[in-house]
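Letter by letter, the chains look like this.
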Amino acid sequence: MENIELFIDNKKIVTEKGKTILQVCKENGIHIPTLCYHPELKPDGLCRLCLVEVEGKGLVTSCTEKVLTQIKVFTNTKKVIEARKTILKLIISDHPLDCMTCEKSGECLLEKYAYEYGIKKVEYEGERSKRKQKDGSPFIIRDYEKCILCGRCVKVCNEIVGVNAIDFGFRGFKTEIISGFDEPLKKTECVFCGNCVEICPVGALREVSAEGKGRSWEYKKIKTICPYCGVGCGINVYVKNNQIIKIKGDEESCVNKGFLCIKGKFAFEYVNSSDRLKKPLRRKNNDFEEISWEEAFETIYENLVRIIKKYGSTSVAGLASAKCTNEENYVFQKFFRVVVKTNNVDHCARLCHSSSIAGLSKTIGSAAMSNSLEEIEKYSDCIILTGTNVSETQPVTSYRIRKAVERGAKLIIIDPMEISLSDIAYLTIRPNYGTDVFLFNTIAKIIIDEKLYNEEFIKERVENFDEYLKFMEEFPINDVEKITGVEIDKLREIAYIYSKSNSAVILWAMGITQHTTGTDNVVSLSNLALLTGQIGKKGAGLCPLRGQNNVQGACDMGALPTHYPGYFPVEDENTIKKFEIDWQTTGLPDKNGLTVVEIFESILNDKIKFLYIMGENPLVSDPDIKHVEEALKKVDFLVVQDIFLTETAKYADIVLPSKCSFEKKGTFTNTERRVQKISKCVEAPGETKDDWEIIKLLAEKFGYKWNYNSIWDILKEINNVVPQYKGITPQRVKNGERIQWPCPQENHPGTETLHIGSFKTKSNKGKLIAVEFKHAYELPDKEYPFVLTTGRIREHYHTRTMTGRVEGISEIVGEDFCLINPDDAKKMKLKNGSYVKIFSRRGELKIKVKISDNIKKGVIFVPFHFYANLLTHNKLDLYSKIPEYKICACNIKKIL
Amino acid sequence: MKKMLTEKYDTHFTISLIKKCFEIGSEKIVEEIKNSYLLGRGGAMFPTGIKWESVKNQGGEKFVVCNAEEGELYTFKDKFLLKNFPYKVIDGMIVASIAVGAEKGFIYVNHKYKNEISKLKTLVKQYKKEKLLGENILSTNHNFDIEIIESNGRYVTGEETALFNTIEGKRPTPRLKPPYPTQKGLFNKPTLINNVETFSFIPHIIFYGSGWFKNFGVEKNYGTKLICLTVDNKKIGVFEIELGKIKIFEIIEKYAKLKPRNVKAFLPSASSCLLFPEKFDINYDFESLKNNGTSLGTGGIFIFTKNFSIFDEIKKIVRFFSDESCGYCVPCRVGLKRVYEMILELDSLKSEKLRNRLDLIKKLSLVIKETSRCALGQSALNSLLSYIRGIEDGKYRTLY
């Protein structure tokens, strides 16, 4: 960037060309009042408050005026001040003066500037506009009498979220913000992300939850991390009288820059839910009785000892939790390895990205996202999204992608479903279900045949190229259209764009991973990056988008049957040596343990007798849940530790009440490998305990005195044991640093981009691996002619343990539904709102119909949050043991 | 007085014109327009040739747009042209398409001009039949098609970027400039947008040459101009005059058929400043009006005789601009409303109170003029401000 020199208030300033006067003023600590401006939105000069005087040009809005060399800018001349005062007076002349009772008072920008400019009286009071309240239920109050028409809400809705639910309507003095044909928000495209509320500078848009609850200065505002998806958005929690009043996005967070989605913004009602678990419970006949912690520990201890004695350590298994903190997962797996002496510890990452881990471990040695969201927004020229409806699953990531496209990045979407971002995609292709390997092999074949590969990169950093070429020679590229349903020319275009971009990134989620060929799918993506060298530089790489708030951390902490913390493989004697020293113990288990689905299988095969579940709900989340139910009924002893009596907990022998993330301290690691602090916002109900404390106390029963007085003691141990986390010390975390691992020293800034210079494999090289195309396990046939596919929706989270307890969410999506193509619907005479029975070889489900163009003919989509897993099968990917949630055969029948 | 726009020509002329364009090529066409110093007749008087050159030099898909919204008070010259000489606009646009390399054109017409709209539609069909529009015009490889779009009835859509937004199906809000339409216009593509009158000059300039064109008017203000005359709210008609060759009082005498001593003010357009009798001997052209503190604008002239209240008309003007504000920026949306409310109250005020209120109106109006986001707000109060100046100068002791 070229530097230029200018003068602001007679002070010489050197800055980069292309910036606006406002940006330069901000950088130099010169205060300019703004109402419509927001750093993440395109400036549009609506409020005209940021006026400054430029010599020779007069008054200009500093938010839109670019700096020029040698210009003289004055920010507080009499003329500027008078003009700003006039603007403020005009706004106030059409604004109610009820600040004494306004919910926004104390945080209102208009109030702030009126004070700053000493405006007490407006000389030209006139007619007030007739804007009225509009329906924003269930979450938003749209009090348009207070609206100053700064347009921020419209811009955030259009530019960031991309929904266009609201716009300016009418003209002149009658102008107002309208939604759709001036309808209630619920009837429009609105997704209730609440970013309009976040960004409203006055009291026009407010949270229903906070109405009448107090003044802004009465609230404690506590910075923490959103408990929902893997993005790890920073939030500010407003608390009064131990109640969460509202949640606002943390503008200081580099992850979300203040933006949120419906769950992060509005779905916190569950915290105060009356059915929170408050005391330990013990099964008594068909019911539970409340017991003391001591009794609970004693009962667990007795049964665990009995079962280990009788059946051995390998008859015990534990499911850790991607919802719990790093510290809790660390202590949980340590308990199973040190105390019980089994590696049968796993968690739900098995069900989402285990095939990413298996695939990328083989090819590049590490499965974490190789790049930050910021890199994708700022540097990637080509973004391939495949198998991820990111606007639903990680809405805030979709905002970043939108900005990248606005910057000029080419977005390529490869997904059988039409996803929300396709409105801005450069190219969208919708292949047949389960044909990913063939499709990506075809792109690789084109890259090879048309010499698009990066020779230098391959020579220096890749192995197995020749064997891979040999395999590709035989690859039947001509079958591509028949198998995938995609024209080869489109794939050629993708091959060219991807390989010729300066930095291209591939993002994926469950559409790639949840297949019996999940690992192969991931390998075929990895091959593309290795062939073209699109990895190991800023904005280029392979990015599996993680699902849950701390699924990355739970993996890092070794809640995996195959790896100790820090990804040290179980079946490696050096690993065992290291951890026996670290943990000052002997006899650590050195054989790979069982995975989630295998654990339930083994219960039915009498191999697992004791199951300990911390914060998971397999009776909803796991495939073929009838099977899971049988296992839960059968297992000798079941302990469930949770915040609610979940579907799974109802089968437990002992239920232990724990705290939710607003009630405890700790760290979460987000999808970008960023370790972030969570803070205690409210006191937990009843006798609940931190998850780590429960495990620690249980270990004490077995005579293990772990010296953990707070989570910081655990983090210190993690610093010593997990090399990637070495420099992420309690002090740095407490200071609010958001460090991305690997962070090898205390003064290391963390690592934004992975794989620069070398890969984390034994040879330090990336490996090309030939993968053959295989069909999905269960394809449609005469009896079950439809493909059933499952996925997430943005309103709900996982098994709805949390979101299901939020009234507003239930008002928006309160019932299970299926998506069906209009042609299929027509054939079966189905209407929106009809009920059908979906049945598969495993079970059946009565469900409401939504007709949607986004779904292919012959396919039924059902969100997994409700009961979809009655239908799915539990056949696994060979390498990662991930079940194939994305494809099974089903049939549907209209219910008359 | 020589005429050009109001002279007829026939299809043979059109065919020869288009043939000539293909012969001389885009470079020469643009050069000719540049040499003619033709200034945009929509009111902003931007040099047309520079606009054309700028669009010609851009790559990729481009558009040619004719602005026929003509929503301003007292202005009906474009309607006159579309009614009597619609082929000139279409010919001008075809020349433009050849010059800048565009394949698609739009004429955005005021929705009230129903007859003109159907006339244009018929004409486009006829041109297509004759291979003067559509694919392979006159068997060349040049394609150009014109679509007629009815305006949505908002004055602000006459602002070029608001017009683009409307065609794109968005709200008619003016965009920030830069980027200018020549860089990012309709659908974010380089766009040549000119007024009906501007396009109507093009066939003449290209056919007869810029040298010939410069025989009309005076230096820097070449060519003719259509003026629309309204006297005391009564429409008189549309006339073609030569720029700089006629004085204000001559317009009053010759076209309004009035004695200048019976006229108390001359408003060149609704968004201009008033001219009072001592200025009636200045020339009528862009330059002279500008030098005398007003502007020619669209050429929609309002003449006030001694019997007509200037103040009442100014109230109407302010009300018009206030109602037609897009509502986007504060000074225009709220400011114009407040000014209008205050001038309505003036009648009931006296002496010091009246003076104070006039001061306040003036102060607020100046801020609105200086801080509004687009030309609508910036020029809405010109007539009012010039009226207040008139009162201050002692020309009007009362408000009438």
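Values in this document were obtained by computation on a predicted structure and should not be read as measured data. (Residues numbered from 1 in each chain as written. Chains lettered and ligands numbered in written order. Predicted model: local features only at pLDDT ≥ 70, side-chain atom pairs only at ≥ 80, totals over all residues.)

**Considering the overall build of chain A**
When helices and strands are counted, chain A shows 30 helices and 38 strands. Once local pairs closer than 6 in sequence are excluded, the contacts in chain A between residues at least 24 apart make up 71%. (Helix = DSSP H or I, 4+ residues; strand = E, 2+ residues; numbered from the N terminus. Contact = placed C-beta atoms within 7 Å.)

**Regarding the sheet that holds strand E13 (residues 243–249) of chain A**
All names here are of chain A. An order of E11-E12-E13 is seen for the three strands of this open sheet, with the pairing classed as antiparallel. Whereas interior strands pair on both sides, the edge strands pair on one side only; in this sheet they are strand E11 (220–225) and E13. Taken pair by pair, the neighbouring strands of this sheet meet at an average axis angle of 30°, ignoring direction. As paired elements, strand E12 (residues 234–240) and E13 share six bridges and run antiparallel to each other. Each residue of the ladder has a partner; that of valine 239, found in E13, is isoleucine 244. (Pairing = 2+ DSSP bridges. Axes fitted to C-alpha atoms, helices over the stretch in contact; angles between N-to-C directions.)

**Describing the nonpolar core**
A:Ile383, A:Ile860 and B:Val318 are the most contacted members of the largest nonpolar core, which totals 393 residues. Per element, the largest residue contribution to this core is 10 residues, and it comes from helix H4 (residues 86–100) of chain B. In this structure, A:Ile860 is in contact with A:Phe786, A:Leu788, A:Cys818, A:Ile820, A:Ile838, A:Cys890 and A:Ile892, ignoring residues within four places of it in sequence. (Core = buried A, V, L, I, M, F, W, Y, C linked by C-beta atoms within 7 Å. Buried ≥ 20, exposed ≤ 12 C-beta atoms within 10 Å, placed from the backbone.)

**Topic: the pairing of strand E2 (residues 11–16) of chain A**
Residues and elements named next belong to chain A. Of all six residues in E2, zero are buried; the element is thus mostly exposed. As paired strands, strand E1 (residues 3–8) and E2 are joined by six bridges and run antiparallel to one another. Looking across to E2, one finds that leucine 6 is bridged to isoleucine 13. With antiparallel pairing between neighbouring strands as the criterion, E1 and E2 make up a hairpin whose turn holds two residues, including aspartate 9 at a positive phi of roughly 50°.

**Focus: the domain arrangement of chain A**
Residue and element names in this part refer to chain A. Considered domain by domain, chain A is made up of domain 1 (3–76), domain 2 (281–352 + 550–740), domain 3 (354–544) and domain 4 (786–894). Each side of the interface is counted separately: domain 2 has 16 residues, and domain 4 has 15 residues. Listed by contribution, the elements that provide at least two residues to the side of domain 2 that touches domain 4 are helix H9 (349–352), helix H23 (596–604), helix H24 (618–621) and helix H25 (625–634). Among the elements that line the side of domain 2 that touches domain 4, the one with the most residues is H25, at three residues. Along the lines of polarity and charge, the residues of the side of domain 2 that touches domain 4 split into six nonpolar, five polar and five charged. (Domains from an automatic or database assignment. Nonpolar A, V, L, I, M, F, W, Y, C, P; charged D, E, K, R; others polar.)

**Considering the interface of chain A and chain B**
Taken together, the 28 residues of chain A in the interface contact 27 residues of chain B. With six residues, the top contributor of residues to the side of chain A that touches chain B is helix H2 (residues 78–93) of chain A. Considered class by class, the residues forming the side of chain A that touches chain B number 13 nonpolar, eight polar and seven charged.

**What about the domain arrangement of chain B?**
All names here are of chain B. If you check the domain split of chain B, you get domain 1 (11–215), domain 2 (221–305) and domain 3 (310–392). Taken over C-alpha atoms, the centre of domain 2 sits 23 Å from the centre of domain 3. Residue assignment for the side of domain 2 that touches domain 3 shows that the elements contributing at least two residues are strand E9 (263–267) and strand E10 (300–305). Of the residues assigned to the side of domain 2 that touches domain 3, the class counts are eight nonpolar, two polar and no charged.

**Notes on the sheet that holds strand E20 (residues 427–429) of chain A**
Residue and element names in this part refer to chain A. Sheet architecture is open: five strands sit in the order E20-E19-E18-E22-E23, paired in parallel fashion. Two strands in the sheet have a free side with no partner beyond their single neighbour: E20 and strand E23 (541–544). Looking at each pair of strands side by side, their axes are set apart by 15° on average, direction ignored. Judged from the five bridges that link them, strand E18 (residues 382–386) and strand E22 (residues 504–508) form a sheet pairing that is parallel. Note that in E22 the partner of leucine 385 across the bridge is leucine 507. Contacts between helix H18 (residues 488–500) and the sheet are confined to E18, strand E19 (410–414), E20 and E22, with E20 contributing the most and set at about 130° to the helix.

**Description of the packing of helix H3 (residues 77–84) of chain B against helix H5 (residues 114–129) of chain B**
All names here are of chain B. Following both chains from N to C, one finds H3 and H5 inclined at 40°, their axes separated by 9 Å at the closest point. Judged by the inter-axis angle, H3 sits oblique to H5. When you trace H3 past H5, the crossing you get is left-handed. Across the interface between the two elements, Lys79, Leu82 and Lys83 from H3 touch Asn115, Glu116, Lys119 and Leu120 from H5. Grouping the constituent residues of the contact of H3 with H5 by class yields two nonpolar, one polar and four charged. (Parallel < 35°, antiparallel > 145°, perpendicular 65-115°, else oblique. Left-handed = near helix turned anticlockwise from the far one by under 90°.)

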